[in-house]
Amino acid sequence: MHSSLAPGSLTRAEYIAALRSDGERFAAAASEPLDTRVPSCPEWDLRALLLHTGEVHRFWTIVLTTPLTTYEEVKAAPEPPGLEPGDDLGVWVRDGIESLVAGIEASDPAQPMWSWSPYQSASFVPRRMAHETSVHRWDAEDATGDGRPIEPAALARDGVDEFFDTFLVAQQAQVGAGRAEALGGAGETLHLHETGGDGEWVVTLLDQGIEVEHGHAKADVAVRASASDFVLLLWGRIPVDGLDIFGDRGVIDRFLAWTDRS
């Protein structure tokens, strides 16, 4: 039987610590010119990025603390409170993070709760929000010329796992329901090898999607990079060109083109 509990290699306390740390660095971007364009999110400037992420934090706080257990309840719920005229944007972002953390700390990880993933419990929120915030922190810092890696490496490795075990599992369910295009793979393999760490993932491209295993294996193409760079690559933040690639480049190009990271 499939568990409703979200997987993850970090403790809830570690996810909260990452959320607070990256959240503070993210909120600090509110002191930069807010019309600065965000290259990794080309449709946004810094103000739009800060507002989007603050709204996401507030949305999941509502889902978690109500709690909302069905998509119908989510659609019927009131919109999260937005930024009011005269509010300080950095303070508003920080307040949203602290409300989210309070909701996480007060929740039972096994509490039923809706999410867009296969994992329908409160355990989804700390992991997802830690990774959401770390990537958007990078977006903000990259826009202002200081895109520091996702750290610690354990968080980045878990971010790679989450991309595969949560985001792409949800995408493959859409393929199975006829709402997304199949990958059309024929067993081609991709090996991601973390430099300076023990993260290794072997990805097999199948007709409907992918299979992923941890471990070392000869593959059609191998890519070597830091765990942070793998997270940023998978979420469409950096190109594959700057990474070490060995073998059939077309395999990873097909895989990245299939993943809808918008």
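Heads up: the structure comes first, above all this text.
Residues numbered from 1 in each chain as written. Predicted model: local features only at pLDDT ≥ 70, side-chain atom pairs only at ≥ 80, totals over all residues. Heavy atoms only, no water.

J.: Explanation requested: the overall build of the protein chain in the structure shown.
T.: Across its full length, the protein chain holds 8 helices and 5 strands. Mapped from its N terminus to its C terminus, the protein chain presents α and β elements in the order α-α-α-α-α-α-β-β-β-β-α-β-α. For the protein chain, the C-alpha radius of gyration of 19 Å lies close to 18 Å, the compact-globule estimate for 262 residues. Here the C-alpha coordinates of the protein chain stretch approximately 55 × 45 × 30 Å along the principal axes. (Helix = DSSP H or I, 4+ residues; strand = E, 2+ residues; numbered from the N terminus. Rg over C-alpha atoms; globule rule 2.2 N^0.38 Å.)

J.: Explain the layout of surface pockets here, please?
T.: It is the rolling of a water-molecule-sized probe over the atoms that shows where space remains empty. Approximately 220 Å³ is the volume found for the second largest pocket. A170, Q171, Q174, A180 and D260 are, among the 13 residues lining the second largest pocket, the residues nearest its centre. Here the element with the most residues in the lining of the second largest pocket is helix 6 (residues 153-176); it accounts for 5 residues. Taken together, the residues that form the lining of the second largest pocket break down as 7 nonpolar, 3 polar and 3 charged. (1 Å grid on protein atoms, 1.4 Å probe; cavity = no way out; pocket = protein on both sides within 12 Å on 5 of 7 lines; lining within 4 Å. Points joined across faces, edges and corners; volume = space filled by probe spheres on them. Nonpolar A, V, L, I, M, F, W, Y, C, P; charged D, E, K, R; others polar.)

J.: Where do I start with the environment of G145 in this structure?
T.: Along the polypeptide, G145 turns up in the loop between helix 5 (124-143) and helix 6. Under the relative-accessibility criterion, G145 is labelled exposed at 67%. Residues G145 and H214 lie 69 residues apart in sequence; the distance between their C-alpha atoms is 34 Å. (Buried < 20%, exposed > 50% of the residue type's maximum accessible area, 1.4 Å probe, protein only.)

J.: Got a minute to help me understand the nonpolar core in this structure?
T.: Nonpolar side chains in soluble globular proteins generally cluster together in the buried interior. Core analysis: the biggest nonpolar cluster contains 40 residues, and F164, L190 and F255 have the highest contact counts within it. Looking at this core, the elements with two or more residues in it are helix 1 (12-28), helix 5, helix 6, strand 1 (189-194), strand 2 (200-205), strand 4 (221-225), helix 7 (227-234) and helix 8 (249-258). Contacts of F164, omitting those with residues within four sequence positions, involve V169, L192, W201, V203, I210, V212, L234 and F255. (Core = buried A, V, L, I, M, F, W, Y, C linked by side-chain atoms within 4.5 Å. Contact = heavy atoms within 4.5 Å.)

J.: Explain the environment of P85 here, please?
T.: Mapping P85 onto the fold places it in the loop between helix 3 (71-76) and helix 4 (89-106). Spatially, the C-alpha atoms of P85 and E32 are 19 Å apart, while their sequence positions differ by 53 residues.

J.: Would you take a moment to explain the pattern of salt bridges for this structure?
T.: When the charged atoms of two side chains with opposite charge come close together, those side chains can pair. The tally for this structure, following the rule as stated, stands at 17 salt bridges. Residue R157 pairs with E194 through a salt bridge whose shortest N-O separation is 3.0 Å. Here the residue R157 occupies a position in helix 6, and E194 occupies one in strand 1, the gap between them amounting to 37 residues. Owing to a relative accessible area of 22%, R157 belongs among the partly exposed residues under this scheme. On the basis of relative accessibility, which here comes to 3%, the residue E194 falls in the buried class. (Salt bridge = Lys/Arg side-chain N within 4 Å of Asp/Glu carboxyl O.)

J.: Explain the environment of E211 to me, please; I cannot follow it from the model alone.
T.: Structurally, E211 is set in strand 3 (residues 210-214). Here the alpha-carbon distance between E211 and G187, two residues 24 residues apart in the chain, equals 9.5 Å. Beyond its immediate chain neighbours, meaning those up to four positions away, E211 contacts V202, V203, T204 and L206.

J.: Please explain the pairing of strand 4 as it appears in this structure.
T.: Looking down a regular strand, the side chains alternate between one sheet face and the other. Taking burial as the measure, the 5 residues of strand 4 include 4 buried ones, the bulk of the element. Here 5 bridges tie strand 1 to strand 4, and the two strands are oriented parallel to one another. Residue pairing in the sheet places E194 in a bridge with A225 of strand 4. Where strand 4 meets strand 5 (residues 244-247), 4 bridges bridge the pair, whose relative direction is antiparallel. Pairing of V223 across the sheet is with I245, part of strand 5. (Pairing = 2+ DSSP bridges.)

J.: Mind showing me how you'd approach the side chain of S107 here?
T.: If you trace the backbone, S107 turns up in the loop between helix 4 and helix 5. For S107, the side chain forms a polar contact with the main-chain oxygen of I104, separated by 2.8 Å. When near neighbours in sequence (up to four residues on either side) are disregarded, S107 contacts R12, L64 and A122. (Polar contact = N/O pair within 3.5 Å; in protein donor to acceptor, adjacent residues only side chain to side chain.)

Treat this as a map of the structure, not an account of what it does.
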